[in-house]
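Residue-level listing of the chains:
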Amino acid sequence: LSLSLPLSLSPSHSLSPSPSLSLSPSLSWLEVDLGGRTRITAVATQGRYGSSDWLTSYLLMFSDTGNNWKQYRQEDSIGSFPGNTNADSVVQHALQQPVLARYLRLVPLEWNPSGRIGLRLETYGCPYGSDVVGFDGASGLSYRPAPGLTPRAQDCVSLKFKTLRSSGTLLQALGADHSLTLELQRGQLRLLLRRRGSLPSSEAQRQASLGSLLDDQHWHHVTLERRHGHINLTVDKSALQLHDPAPLSRWEFEQVGGGDRSVHKGLSDGHFLGCLENLLYNDLNLVELLKHNSPQVTVLGNVTFSCPDPAVVAVTFSSPQSFLQLPGATASWPGALSAGLQFRTWNRAGLLLTFEIPQRGGVVWLYLSEARLHLQVHKAGRTLVELSTGSGLNDGQWHSVQLGSAQGRLTIAVDQEEGETAQARLAFPVTTGSHLFFGGCPAEETNQECRNPFNVFQGCMRLLTLENQLIDLIVVQQRLLGNYSHLYIDMCGIIDRCSPSHCEHGGRCSQSWRSFHCNCSNTGYRGATCHSPVFEASCEAYKHRGNSSGLYHVDLDGSGPIRAQLVYCNMTEEQTWLVIQHNNTERTRVAGSSGRSHHSAYFDYSAEEKQLMAIINQSEHCEQELSYHCRKSRLLNTPVGSPFSWWVGGPGAGGVQSYWGGAVPGSRQCSCGLEESCVDPMYYCNCDADRGEWASDSGLLTHKKSLPVRSLVLGDLHRAGSEAAYRVGPLRCHGDKNFWNAAFFDKETSYLHFPTFRAELSADISFLFKTTASSGVFLENLGIKDFIRIELSSSTEVLFSFDVGNGPLEVRVRAPRPLDDDRWHRVRAERNVKEASLSVDALPVATREAPDDGHVRLQLNSLLFIGGTASRQKGFRGCIRALRLNEETQDLEERARITPGVQPGCPGHCSSYGSLCRNQGRCVERSQGFTCDCGPSAYTGAFCHREVSAIFKSTTSARYSFREPYEQSRNASALSSSIYSEVTLRGEDISLSFRTRQSPALLLYVSSYYKEHLALLINKHGERGEDFNLTADGEFNTIKALVLGRVSESDELDPELARLASLGFTGCLSVVQFNSISPLKAALLHPDTSPVAISGPLVQSQCGSSAPTNADAAENTHHLSDQSGSVNTGQPLVNSVRTDSALIGGVIAVVVFLTALGLAVVAVFLYRRKETYGNPEVKRTKAEDSPESPFTDQPDSHNIPSETAKEFFI
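Treat the numbers as computed from the prediction; the structure is a model and nothing was measured.

A. Seen up close, the overall build of the protein chain. Tallying secondary structure elements over the protein chain gives 10 helices and 85 strands in all. Counting across all 1210 residues of the protein chain, residues that qualify as buried make up 52%. Considering only contacts in the protein chain between residues 6 or more positions apart, those separated by 24 or more positions represent 70%.

If you want it as structure tokens, here you go:
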């Protein structure tokens, strides 16, 4: 190994090869002794002068004492540093976190394959001074401020500590009523706040934990700060904040390095064993005060001003090829065995120790499985002994294991006194062979003694003993004892990937040696780090997925910190309303009382404060009803008096408002005052007239900055006879300002630019696009080397690519159909420390895992380009909508208004969403989105999906009148409409749903001005079921009226049909359509503007719903809409539905083409009568008298044609 000493070090520093420097490439390192603790900020390397020797990759390690090394990691993930590419150039790396150490070790990983290991090394930094104090586990010190000091508004304690013990009290601070304790527990730092004198389990106790693996004998920095009613705790790079329940007016350190067990029960066992450095309280150095014998600092026990390092050497098994081979030891007596070790790991399984039993042909395996310790003695293909003990041994804590065999008994023990023991008897002694193998086995081609049917061990071991003798691992490192491969000796390289946790939104983190996993169950989020929201961001988004009204979880900020909220989405109107309820939305009556001057009401909403504000800010419009009903109870005391009543609304605690619903902020009026319609024009509110009869002031509050209503105060209730009632409705909002925010890019060279995308550790990007171009870049942001880009790489592929320093990575999604179809497509890309993912529409999500040991921070510095690139090449042509970066919506329209070549908004939504308009509803374009025109449909609702149904009684009649003949001729040029349709028909298209117990029954009746009529009936032919039949003749001329229910104009009907028509219909009719007419919809929803006359009770209902709400309605409901058939005239379609129930139900769809070729029929009886007007060719027949009706209940009944009508039963 060729070395060149750097010339830039100060004379007090020296650089020399370590005595233990090995020339074997796999074991080489360069160790630098800086002569004292130094703050190291950078390192630089260079190849050997005039040679082909240089490093291309290396590790850095540091230590205070030359033992117990710790690897330096950038970004908490990257272990290696890139080196040189030639022998002459200098490559310098500034350390993101400066290192405090005396010793620095450089470990070569890779070098120029044409040369050897060669380097010149230079370090940059400055000397570091500190005051250190050591505690022996039974000592401590206390500090009390000097009397008369003024209490401070804030306090700060900072210190550094290092220890090998996982538990112990670091600090206790006492106040007048409360105490604060910092203690180590299982390698974490726990902050405990409690009321003095309270029990540990009482509610007065509060605690929080921070940090992990703090018992590694390396320095850790702690800062504890009290400020503005909060306590801030920082451990290394992790921080948390707690509310201070009762601020300590002045801290008194009862104990540093220990705790008073009699006062503070429930603390960790034992005092602190280890060292503290630079213990500062505000501006005071307590260690320096102690050195100068200050009376404010008192020593308890043996405290030293040095920090000796315990001689404990750990070894790290870092890879599947790791193993440690040691020679067997001679037992203290024949047939005995004693072996021990300590280990820590995150893995649930792995081999700890194996060896052969000499002269017995057996093998012993000591291993972890399912986080339990197992021992197995195997011989000749069968298991002789199997023991297990312990649990949860993959928790990252140090666990001791002891294996012993003596006097025919085999024993394994975990964690000595605190743990568990398992034992078994053996018929033969267990002793070690010539070698023992720890962690794994050598490669098979070089190994004859070691077999491992289990996983290899990945973790750390220390304090290895054989026959009660400690193994010197430094001697092993020097190759003077045993053998090993892929080990790091004199260091424990365990990393806690769950502290701090990368699992977001409450996801639970678990880990193995090389990776971590997030359990996102019940969080409302998904993905590798629980980052992506499961729920949509608004009711508008749910609506455009085709959902109907109901309760939905809405995640307003997506992957942001605000939790999803359960809200009601009302989609029955053109606008989509989001509704937030509170604790009292009903009208509440308040009686007057002489003993009470005012009445107060407070409103608690189902959403949290952050959720409420996000809903209001994200919506285009919000409103809340506010009404007051009064009798001798004045409201605002207008026009000049002080208001008797007011309400509080707005964000946070809200502000006092003295205007009422329907008025504008600051007006101090009610809606009638604004409209000049108050009962007394002298006042601005109806209630201010102070009349003895009931009056009211009501209206909508629409000023978003004053919403929601928090409380209400009513003041004029103390007089005799005063009465009032109030109502504060739910908060209702509509319009997602983000959902339709779009921009249109008409050229490949056009683009929008935004500030740099800040997404170092986590990035999520979502948007919708539509285009007719086969390729183009949606988004691009560049750094010096890093970049992120999303593009349409072909007509069927979306590509997400990025580079965080490990080289470019790509994630692709290929669609089975072209994406350049001018329809909206949804894209979501996410990149985090664990993986990158890309989803397009509902296609399977594509993922790409991040490397376990690599760069994780995305460092960008250019502008963010949308719809194009910095080079103005491969730009996107089309529309981009609803762009969100880390769930923050980017206002595309605002940027597009000031950017040439880009237009705000994007037309053409019906091509994508038109299919949501069902049941013949028409999609109508809007500037932002679309709406469904349900005029041609018998349905209603946002998507023409809600059935229009009504309950009919026997006396109910709904008569729809058509245009008279002379009106038709007078307006011959007018277009037909859904109200006045074509009145001379050569075909009828009829559809309806029904549910009834009545049989026979008349469902629908149509008459004409020429005394023709058409009837739709249920005709009963027996107890087994119902037959639906059809008869028709000729064409239907000049329709006069359509009747649902009871028919009053029965003079022109056959007597039997007239009798049936007079009985009316009892049951449910739904979605009735006759050609383009929806008579039931017109009667229920447009009675004032439609030619509909209603007599008797007609009640709108949901009885026609496919999910009936009562048991009777749920029985035997028939849907016949898809059972249509085409038959010739005279061919019967009988028994199309049969049921044994008394309840009849059905959905009828009829298309009748009155031509010579035939009829298209579905389960219909059509009765038609046509009078002859001066046509001699018409044959008249005389009906025979018969006591039987064509609607008789007898199974053998016959229908006898009358002289004036033709009847056909099809």
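B. Examining the state of the cysteines more closely. Taken as a whole and judged by the stated rule, the model has 16 disulfides. The disulfide partner of Cys441 is Cys450, and the gap between their sulfur atoms is 1.7 Å. One disulfide, between Cys441 and Cys450, carries an S-S torsion of -60° and so falls in the left-handed class. A relative accessible area of 18% means that Cys441 is categorised as buried. Owing to a relative accessible area of 6%, Cys450 belongs among the buried residues under this scheme. There is a disulfide in this structure between Cys520 and Cys530, and the S-S distance comes to 2.0 Å. Every disulfide takes its handedness from the sign of the S-S torsion; for Cys520 and Cys530 that torsion is -95°, giving left-handed. With Cys520 in the loop between strand E39 (516-519) and strand E40 (525-526) and Cys530 in the loop between E40 and strand E41 (532-533), this pair connects stretches of sequence that are 10 residues apart. Of the two residues, Cys520 and Cys530, neither departs from the other in class, the shared state being buried.

C. Inspection of the sheet that holds strand E59 (residues 797-803) at higher detail. Ordered in space as E55-E64-E57-E58-E59-E60, the 6 strands form an open sheet in which the pairing is antiparallel. Looking along the sheet, the strands with just one partner apiece sit at the ends: strand E55 (752-754) and strand E60 (809-814). Strand-to-strand, the axes of this sheet are offset by a mean angle of 15°, without reference to chain direction. Where strand E57 (residues 776-782) and strand E58 (residues 787-794) come together, 6 bridges link them in antiparallel fashion. Residue pairing in the sheet places Gly776 in a bridge with Leu792 of E58.

D. The arrangement of the packing of aromatic side chains in detail. Scanning all chains against the criterion turns up 24 aromatic pairs. Seen from their ring centres, Tyr367 and Phe454 are 3.9 Å apart, and the 15° between their planes marks the pair as stacked. Residue Tyr367 is located in strand E27 (residues 362-369), and its partner Phe454 is located in the loop between strand E33 (435-438) and strand E34 (459-466); the two are separated by 87 residues in the primary sequence. Each member of the aromatic cluster is reached from another via a ring pair, and the members are Phe745, Phe767, Phe769, Phe778 and Phe876.

E. A look at the pairing of E60. Only one face of E60 is buried: it carries Leu809, Val811 and Val813, and the other face, with Glu810, Arg812 and Arg814, is open. The pairing of E59 with E60 spans 6 bridges and is antiparallel. Residue pairing across strands places Val798 opposite Val813, the latter belonging to E60. In sequence, E59 turns back onto E60 through a hairpin of 5 residues, with Gly805 there showing a positive phi of about 115°.

F. The arrangement of empty space enclosed by the protein in detail. Scanning all chains against the criterion turns up 5 cavities of 30 Å³ or more. Computed from the structure, the largest cavity encloses a volume of approximately 110 Å³. Along its surface, the largest cavity is lined by 14 residues, and Ser538, Cys539, Leu578, Ser619 and Gly735 are the ones closest to its centre. Looking at the lining of the largest cavity, the elements that each hand over two or more residues are helix H3 (539-543), helix H4 (609-618) and strand E53 (731-736). Residue contributions to the lining of the largest cavity peak at 4 residues, all from E53. Residues belonging to the lining of the largest cavity are distributed by class as follows: 6 nonpolar, 6 polar and 2 charged. Lining the second largest cavity are 13 residues; nearest its centre among them are Phe802, Leu809, Arg831, Asn832 and Ala850. Looking at the lining of the second largest cavity, the elements that each hand over two or more residues are strand E62 (835-840) and strand E63 (846-849). For the lining of the second largest cavity, a count of residues per class yields 6 nonpolar, 3 polar and 4 charged.

G. View of unusual backbone geometry. Of note, the bond from Thr638 into Pro639 is cis; its omega dihedral lies within 30 degrees of zero at 5°. By the secondary structure assignment, Pro639 is in the loop between strand E47 (619-631) and strand E48 (646-649). Even without being glycine, Ala371 reaches a positive phi, approximately 65°. Here Ala371 shows up in the loop between E27 and strand E28 (372-379).

H. Focus on helix H9 (residues 1055-1063). Every buried residue belonging to H9 is among Leu1057, Ala1058, Leu1060 and Ala1061, and all of these are buried. An end-on view of H9 places all buried positions within 165° of arc, on one side of the element.

I. Expanded view of the nonpolar core. Ile580, Tyr628, Trp660, Leu712, Leu731 and Phe930 are the most contacted members of the largest nonpolar core, which totals 69 residues. In terms of residue count, H4 provides more of this core than any other element does, 5 residues in total. The contact partners of Leu731, leaving out residues within four places of it in the chain, are Leu578, Val579, Ile580, Tyr605, Leu612, Ile616, Cys622, Glu623, Gln624, Leu707 and Pro708. Judged by nonpolar contacts, the second largest core, of 44 residues, contains Leu352, Leu403, Phe438 and Met461.

J. Structural view of the UniProt feature "domain: EGF-like" (unreviewed entry) in the protein chain. Here the UniProt-annotated "domain: EGF-like" (unreviewed entry) positions come out as residues 494-531 and 907-945. Between the end C-alpha atoms of residues 907-945 there is a gap of 25 Å, over a span that is 10% helix and 31% strand.

K. Local environment of the confidence of the model for the protein chain. In this model, the protein chain carries a mean pLDDT of 81, and residues with pLDDT of at least 70 account for 81%. Counting interchain partners and residues more than four positions distant, the pLDDT-below-50 stretch residues 1107-1145 has 81 contacts. Predicted confidence is poor over residues 1148-1210, with pLDDT under 50, and the contacts of this stretch with residues over four places away or in other chains come to 169 contacts.

L. Expanded view of the pattern of salt bridges. Under the definition given, this model contains 40 salt bridges. Note that Arg631 and Glu723 form a salt bridge whose closest N and O atoms lie 2.1 Å from each other. In this pair, Arg631 is assigned in strand E47 and Glu723 in strand E52 (residues 723-728), connecting sequence segments 92 residues apart. What makes Glu723 buried here is its relative accessible area of 17%. Notably, a salt bridge pairs Lys874 with Glu791, separated by 3.1 Å at the nearest N-O pair. Here Lys874, found in the loop between strand E64 (864-866) and strand E65 (878-885), pairs with Glu791, found in strand E58; they are 83 residues apart in sequence, far enough to count as distant. Since its relative accessible area comes to 52%, Lys874 is described here as exposed. Its relative accessible area of 8% is what places Glu791 among the buried residues. One salt-bridge network, in which partners are shared between bridges, spans Arg37, Asp64, Lys162, Glu277 and Asp309.

Rules used throughout
- Residues numbered from 1 in each chain as written.
- Predicted model: local features only at pLDDT ≥ 70, side-chain atom pairs only at ≥ 80, totals over all residues.
- Heavy atoms only, no water.
- Helix = DSSP H or I, 4+ residues; strand = E, 2+ residues; numbered from the N terminus.
- Buried < 20%, exposed > 50% of the residue type's maximum accessible area, 1.4 Å probe, protein only.
- Contact = heavy atoms within 4.5 Å.
- Disulfide = S-S within 2.5 Å.
- Pairing = 2+ DSSP bridges.
- Axes fitted to C-alpha atoms, helices over the stretch in contact; angles between N-to-C directions.
- Phe/Tyr/Trp six-rings, centres within 6.5 Å; stacked < 30°, edge-to-face > 60°.
- 1 Å grid on protein atoms, 1.4 Å probe; cavity = no way out; pocket = protein on both sides within 12 Å on 5 of 7 lines; lining within 4 Å.
- Points joined across faces, edges and corners; volume = space filled by probe spheres on them.
- Nonpolar A, V, L, I, M, F, W, Y, C, P; charged D, E, K, R; others polar.
- Arc of directions from axis to C-beta.
- Core = buried A, V, L, I, M, F, W, Y, C linked by side-chain atoms within 4.5 Å.
- UniProt positions renumbered as here; feature names shortened; annotations may be inferred.
- pLDDT = per-residue confidence, 0-100.
- Salt bridge = Lys/Arg side-chain N within 4 Å of Asp/Glu carboxyl O.

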